[in-house]
Amino acid sequence: MLKEWYNKHLGLNTDNYGCTFWWIDENGKKASTQWSPFAADTKYFEPSQKQYMQNFRVHNLDALLEKLQQEGVTIVGEPESYDYGKFAWITDPEGNKIELWEPIDETFL
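Presented here is an overview of the structure given in this document. Here the structure is a predicted model, which is why all the values come from computation and not from measurement.

## Some words on the pattern of salt bridges
Moving on, step 1. Counted under the stated rule, the structure contains two salt bridges.
Moving on, step 2. Its salt-bridge partner being K86, residue D62 comes within 3.0 Å of it at the nearest N-O pair. Here D62, found in helix α2 (residues 61-70), pairs with K86, found in strand β6 (residues 85-91); they are 24 residues apart in sequence, far enough to count as distant.
Moving on, step 3. A relative accessible area of 42% places D62 in the partly exposed class.
Moving on, step 4. The class of K86 is partly exposed, set by a relative accessible area of 28%.

## So, unusual backbone geometry
Moving on, step 1. Geometrically, the link from E46 to P47 is a cis peptide bond, its omega value of 15° lying close to zero.
Moving on, step 2. Topologically, P47 is positioned in the loop between β3 (30-35) and β4 (54-57).

## Focus: the nonpolar core
Moving on, step 1. With eight residues, the main nonpolar core is built from V58, L61, L65, L68, A88, I90, I98 and L100.
Moving on, step 2. The element that contributes the greatest number of residues to this core is α2, accounting for three residues.
Moving on, step 3. Dropping the residues within four chain positions of it, L100 is found in contact with F56, V58, L61, L64, L65, L68, K86, F87, A88 and I90.

## Regarding the packing of aromatic side chains
To describe a pair of aromatic rings, one takes the distance between the centres and the angle between the planes.
Moving on, step 1. Going through the model one piece at a time under the given rule, you end up with 12 aromatic pairs.
Moving on, step 2. The interplanar angle of 75° and the centroid separation of 6.2 Å between the aromatic rings of Y44 and F45 together place this pair among those described as edge-to-face.
Moving on, step 3. A relative accessible area of 8% places F45 in the buried class.
Moving on, step 4. Three or more aromatic residues joined by ring pairs make a cluster, and in this case those are Y17, F38, Y44, F45, Y82, Y84, F87, W89 and W101.
Moving on, step 5. The ring centre of W101 lies 5.3 Å from the NZ or CZ of R57, which sits over that ring.

## A closer look at the sheet that holds strand β2 (residues 18-24)
Strand pairing in a sheet relies on backbone hydrogen bonds, with the paired strands running either antiparallel or parallel.
Moving on, step 1. Across the sheet, three strands lie side by side as β1-β2-β3; this open sheet has antiparallel pairing. Edge positions in the open sheet fall to β1 (14-15) and β3, since each of these has one partner strand only.
Moving on, step 2. Looking at chain direction, β2 and β3 are connected through six bridges and run antiparallel. Residue W22 lies in a different strand from β3, and its bridge partner there is S32.

## Looking at α2
Moving on, step 1. Within α2, burial applies to L61, L65 and L68. On an axial view of α2, the arc spanned by its buried residues comes to 65°, and they lie on one face.
Moving on, step 2. The elements touched by buried residues of α2 are β5 (74-82), β6 and β7 (97-103).
Moving on, step 3. With its phi angle positive at about 85°, G72 sits one or two positions after the end of α2.

## Details of a nonpolar patch on the surface
Moving on, step 1. A cluster of nonpolar side chains, namely L2, W5 and L10, defines an oily patch on the protein surface of about 320 Å² accessible area.
Moving on, step 2. Position of W5 relative to the elements: it lies in helix α1 (residues 2-10).

What counts and what doesn't
Residues numbered from 1 in each chain as written. Predicted model: local features only at pLDDT ≥ 70, side-chain atom pairs only at ≥ 80, totals over all residues. Heavy atoms only, no water. Salt bridge = Lys/Arg side-chain N within 4 Å of Asp/Glu carboxyl O. Helix = DSSP H or I, 4+ residues; strand = E, 2+ residues; numbered from the N terminus. Buried < 20%, exposed > 50% of the residue type's maximum accessible area, 1.4 Å probe, protein only. Core = buried A, V, L, I, M, F, W, Y, C linked by side-chain atoms within 4.5 Å. Contact = heavy atoms within 4.5 Å. Phe/Tyr/Trp six-rings, centres within 6.5 Å; stacked < 30°, edge-to-face > 60°. Lys NZ or Arg CZ within 6 Å of the ring centre and 35° of its normal. Pairing = 2+ DSSP bridges. Arc of directions from axis to C-beta. Patch = residues over 30% accessible without salt bridge, like charges linked within 9 Å, V, L, I, M, F, W, Y side chains within 5 Å. Areas by Shrake-Rupley, 256 points an atom, 1.4 Å probe, with all protein chains shown as cover.

In structure tokens, the structure reads:
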């Protein structure tokens, strides 16, 4: 319902995932920011107790995960791959869940 509200009242072009905001980075390359609301009872952010999660675009997710593991960073679950990219999750020292995304940008263009 929240996505529908933002679509109706603020004109956001929402889909199943929320709304993608497209922009151009300082090198002239297409980039995006994603807004994705979740249900109040979602378990997606666990083990964090927060009602939000940060998502960072990364390069070479596998190498980054190896480095993070060596540095003692908590990795949550197993990485997942989709036609639009690879995902993995970690937590910061305060227990905030962070989603790491190695996108396949061609999927969106």
